[in-house]
Every structure is written in structure tokens, then in C-alpha cells.
Amino acid sequence: MPEKEIQNVYFIGIGGIGMSAIARYYKTKGKRVCGYDRTPTPLTSSLQDEGIAVHFTEDVKEIPEIFKEEIEHTLVIYTPAIPADHSELQYFRNNGYKLIKRSQALGFLTKGQKTVAVAGTHGKTTTSTLIAHILKQSELGCNAFLGGISKNYQTNLLLDAGSPFVVTEADEFDRSFLQLFPYIAVVTAADADHLDIYGTHEELKKAFCKFINQIQPGGNLVIKKGLDLDLSGKRDINIYTYSLTEKADFTAQNVKIVEGAYEADIILPQGKPIHVRIGIPGLLNVENTIAAVAVAWLLKVDEKHIQQAVESFSGVNRRFDYHLKTDKIIYIDDYGHHPEELRFTISSVRELYPGRKVFGIFQPHLYTRTRDLAEDFVRSLNLLDGLVLLPIYPAREKPIPGVTSQMLLDKVSVKEKILCSKEELTNALAKMQFDVLLTMGAGDIDKLVGTVKKCLINKFGLDE
């Protein structure tokens, strides 16, 4: 449906991070925008504050009458996480509406533009948001559909009518990234994940290769060195590698912590260095910065703008997010839900705070991921001094017999470990001794952050 014919846009799952960015886009274009989500969140509250109607009861009666009267001018966008028997989804399907998935909508909105698409089983949100920030701070500018809320801009949508560039996260879930045909693609990781969708790690890697093959002729690929992906069939693009630890086209030297922040020399092709001070913590983010600088270099952003943007970058909500930073207690919240993400987060904390007692609260996300990657989760969680496991967050899944948080807990070798409910968490924390606390997970653990912070303030006698 041509955009000029669209008057109404309805979102099923409007509170999702990717869905909400597209909802905001259509709102800025003067369309009527509303939608459904399962539960209220700070993000849905923000949408409501911006004039987008959101309801939380699955009921066809909640659909505005004008959306029912103007079928030919109404576009319905839904997330694949919505069950097929959802009553509102069924209503639209049975009444002749134009329905598309979120990934199709993103493909439509980026078509014909110079798209910078960042893919990877981890690292893509921070990397894409940093790239967008660098471009926004340069003369190039950019539009961006982000997979998290940028702290610099307090939104997941950036618009610049004068820029031909659009930065977006390229999500491998449900093969969504195959709707994108980028000018520059970044691949940060291709670890085993979403095996409920792909079946095997090999099938996941084939999807990444297909995504790479969709790069526009003459375009560019920036890929982490050492990923086991077959690039032999793609000969009409420029391929650049990056790495934090290996020799590559883009790498880092002289990485060190200075006054609590990482500094590094990013080495460009032909050996020229750019010295950067990185505004966000975590060793993984040094690696993400290398990828972002590589894209900026390809787009000929000048060195001064790159340096200033990297240092002023504040990060993304729920990515290594400090909530308390005192001599008595450090409290960090992180979205990490894959074993590699947990490993990077915990290792970074160890490097930043050597000798401190580090406890983690982890909420596993999805029964299938917990089952398929159990041994990898155990290895990462074993890096902690103490562990609190919450029950598995099911999201779109039904329970799998024998796959529980207790199963993980039994395998973990950490001496101080417990399984507890969200309701029991504050009582459990009051009895534990630690210097650094992490909350980690992609479910609804973020709703506990305020409660955990208040508990720690009382526990350590801090001022609010």
C-alpha cells in the first residue's frame, strides 16, 4: 500500500521496541496510530504521552470505529510474537485488511535509502545506536529505527528529512533481517540462538549468509573477524573485518581504563589510528565501538566528529546500565539474555572492579533457549561469586517438561546460589553480602529494577 494511501495504522504488539519505533514514525507522518499490547510499560506510557492510543485488553471492540470504516486506508502491522489465534489479528485477517509483519514494514520504510543495517546475535543494538549517534553528530545526519531507547535522544526513532541514510537493527529472529537490502551491513556475532526458529546453528548461519548476500552491489560488509560464515559467493561488495583481539582491517590497540572509562586507539586500514575515549562501560562496547568507527570511516565522517561522538555517547537503556555507583555498592542492570552476552557483562565487571564480590540476578528468557544453550549459560554464570535465579520468562512459549531454572541452578558450581520468585527477591538480597550486583535478562526483570535499587539503598544506608 503506497504511504500516501495510508490514513490509519494499527499495531498488534505496539509496545515492542521495534514496533514502537515504526508507530512513532507513522505518527510523525500525520497518520492515525493506535494499537494493542499485553501489559503497560514505560514505553507504552511514552507512546500514550505522544498521542498514540494504546489498550491492553484483547478485544475487537477496542479497535476505533474509523479503522473499521476505512479498511482500504488502514494498514495493520503485527509482531510474530503475537499468537495466531489472537482475536484482533483474526478480525483483521477475516475482514480484508492489509496485514504485514513488523519486518516487512521496516523493509518498506528503508527501501530506496542508503541503509546501514546491524545484525548479530548480540551487540547489534548498542552498535547501531552508536553509529546513528556518530552520523547525527556529523554533517551526514541520519534516520534511525533503533532496537533500544537511546539515552542521548530518549527515543528509538531518529528522523532527518535531509539525510539519505537510515540506520537500523537487523533482527535475525523469525528471519526478519531478510527484508532488508542494506548499503552497509554490520555483523557482530552469529552464535547459536533462536534454535526454535532455525532448528540448528548451521541454519542460523545460512540465514546470516543470505542477509549478507542482500547487500547492494558495490556496498560494504563490516564483519567481526573469525565468524564461521561462508562469504565465498559474495564478490560484488567490499568486505572489511574488525576485532578487539585479532589482527583485522579495523582493530584496537592500547586499550586501557582511564578514570573509569575505556580509551583505545582504533586502527584503520593502512594503519592510521584514531584515539577514542569511550563514553559507555564494558569490554564488549570497545568491540562495538570498533565496528561503529569502521562504518563512520566508510562514510567518510571526519576524525574529530568520530572522537566527539564516541565520547559523548551515553548508551542504550538496559545495556550495562548503572543505577548505583558508590564506594559501598555498584548496581548495574543489563538486557543480556544470551550466554555470550552474560560472559561479556560479567567479565567487564570483573575488569572494572577487581577484587570485588560480584552477585548476579538472572531471569532466563524462553524455555527453548534455556534448553538449547544450558551448558553455555552454566559456564557464563559460573563467573559470578553468587547467583540468584528467577523462574524462566516464557514470552511466547509454553513450558517444556524438565526445562526450569532449577535445572540450571543444579548445574552451576557457584557456592552461593538460590532460586527464588520475584516476590521473594528483596528478602533474599537483604541476607546476602556483595559489593557489585547485576540484574540480567530480557523478560520483565526490568520491572524489578526500582525495587532492587530501593532495597540496596536501605541495605547500604545510602541517600535516595
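My aim in this report is to walk through the structure given alongside it, one point at a time. (Residues numbered from 1 in each chain as written. Predicted model: local features only at pLDDT ≥ 70, side-chain atom pairs only at ≥ 80, totals over all residues. Heavy atoms only, no water.)

**Describing the overall build of the protein chain**
The number of helices and strands found in the protein chain is 16 helices and 21 strands. For a compact globule of 464 residues, the expected C-alpha radius of gyration is about 23 Å, and the protein chain comes in at 22 Å, within 12% of that figure. Seen along its three principal axes, the alpha-carbon backbone of the protein chain occupies a region of about 65 × 55 × 45 Å. Burial status across the protein chain gives 56% buried among its 464 residues. Counted over contacts in the protein chain with a minimum sequence separation of 6, partners at least 24 positions apart contribute 66%. Surface accessibility of the protein chain: about 19300 Å² in total, with carbon and sulfur atoms responsible for 48%. Averaging the locations of the 54 positively and 58 negatively charged side chains of the protein chain gives two centres separated by 1 Å. (Helix = DSSP H or I, 4+ residues; strand = E, 2+ residues; numbered from the N terminus. Rg over C-alpha atoms; globule rule 2.2 N^0.38 Å. Buried < 20%, exposed > 50% of the residue type's maximum accessible area, 1.4 Å probe, protein only. Contact = heavy atoms within 4.5 Å. Areas by Shrake-Rupley, 256 points an atom, 1.4 Å probe, with all protein chains shown as cover. Lys, Arg positive; Asp, Glu negative; His and termini not counted. Charge placed at Lys NZ, Arg CZ, Asp CG, Glu CD.)

**Observations regarding empty space enclosed by the protein**
Tallied over the entire structure, the rule returns one cavity of 30 Å³ or more. Class assignment of the residues belonging to the lining of the largest cavity gives a composition of four nonpolar, three polar and three charged. (1 Å grid on protein atoms, 1.4 Å probe; cavity = no way out; pocket = protein on both sides within 12 Å on 5 of 7 lines; lining within 4 Å. Points joined across faces, edges and corners; volume = space filled by probe spheres on them. Nonpolar A, V, L, I, M, F, W, Y, C, P; charged D, E, K, R; others polar.)

**Points about the nonpolar core**
Core analysis: the biggest nonpolar cluster contains 45 residues, and Ile131, Ile134, Val167, Val295, Leu299 and Ile306 have the highest contact counts within it. The element that contributes the greatest number of residues to this core is helix H9 (residues 283-298), accounting for nine residues. Among the nonpolar cores identified, the runner-up in size contains 44 residues, and Leu47, Ala105, Ala117 and Phe177 belong to it. (Core = buried A, V, L, I, M, F, W, Y, C linked by side-chain atoms within 4.5 Å.)

**Here we look at the pattern of salt bridges**
Scanning the model with the defined rule gives 23 salt bridges in all. Residues lysine 357 and glutamate 416 are paired through a salt bridge, measuring 3.0 Å at the closest nitrogen-oxygen approach. A residue pair is termed long-range when its members are at least 10 positions apart, and lysine 357 in the loop between helix H11 (339-352) and strand E18 (358-362) and glutamate 416 in strand E20 (residues 416-419) qualify at 59 residues. Residue classification places lysine 357 among the partly exposed positions, given a relative accessible area of 28%. Residue glutamate 375 pairs with lysine 411 through a salt bridge whose shortest N-O separation is 3.3 Å. Taken together, the residues glutamate 375 in helix H13 (residues 374-381) and lysine 411 in helix H14 (residues 405-411) connect sequence positions 36 residues apart. Overall, the relative accessible area of 42% leaves glutamate 375 in the partly exposed class. Within this structure, Glu202, Lys205 and Asp228 form a network of salt bridges that share partners. (Salt bridge = Lys/Arg side-chain N within 4 Å of Asp/Glu carboxyl O.)

**Let's talk about the sheet that holds strand E6 (residues 114-119)**
Think of a sheet as strands paired side by side through backbone hydrogen bonds, with each pair either parallel or antiparallel. Taken together, ten strands build an open sheet; the order of strands is E8-E7-E9-E6-E10-E11-E12-E13-E14-E15 and the sheet is mixed. Every other strand in the sheet has two partners, leaving strand E8 (155-158) and strand E15 (273-277) as the edge strands with one partner each. Shown here is a sheet whose adjacent strand axes are inclined to one another by a mean of 20°, direction ignored. Note: E6 against strand E9 (residues 165-170), six bridges, orientation parallel. (Pairing = 2+ DSSP bridges. Axes fitted to C-alpha atoms, helices over the stretch in contact; angles between N-to-C directions.)

**Re helix H2 (residues 42-49)**
For H2, the full list of buried residues reads Leu43, Thr44 and Leu47. The buried residues of H2 all sit within an arc of 100° when viewed along its axis, so they share a single face. Opposite the buried face of H2, at more than 90 degrees from it, the exposed residues are Pro42 and Asp49. One or two positions beyond H2, positive phi appears at glycine 51, with a value near 90°. (Arc of directions from axis to C-beta.)

**Points about the sheet that holds E18**
With mixed pairing, six strands are arranged side by side in an open sheet as E16-E17-E21-E18-E19-E20. Strands at the two margins of the open sheet, each flanked by one partner only, are strand E16 (321-325) and E20. The average angle at which neighbouring strand axes cross in this sheet is 15°, direction not considered. Relative to strand E17 (residues 330-334), E16 runs antiparallel, the two sharing four bridges. Pairing of tyrosine 322 across the sheet is with isoleucine 332, part of E17. Seen against the sheet, H11 touches E16, E17, E18 and strand E21 (436-440) and runs at an angle of roughly 165° to E21.

**Some thoughts on the pairing of E9**
The buried count for E9 comes to six of six residues, which makes it a mostly enclosed element. Covered by surrounding structure in E9 are Phe165, Val167 and Glu169 together with Val166, Thr168 and Ala170, the residues of both alternating faces. Across three bridges, strand E7 (residues 143-150) lies against E9 in parallel orientation. Bridge pairing in E9 links asparagine 143 to valine 166.

**A word on unusual backbone geometry**
Positive phi values are uncommon outside glycine, yet aspartate 174 reaches one of about 60°. Looking at the element boundaries, aspartate 174 is found in the loop between E9 and strand E10 (184-187). Phi is positive for histidine 194, close to 50°, though the residue is something other than glycine. Overall, the relative accessible area of 10% leaves histidine 194 in the buried class.

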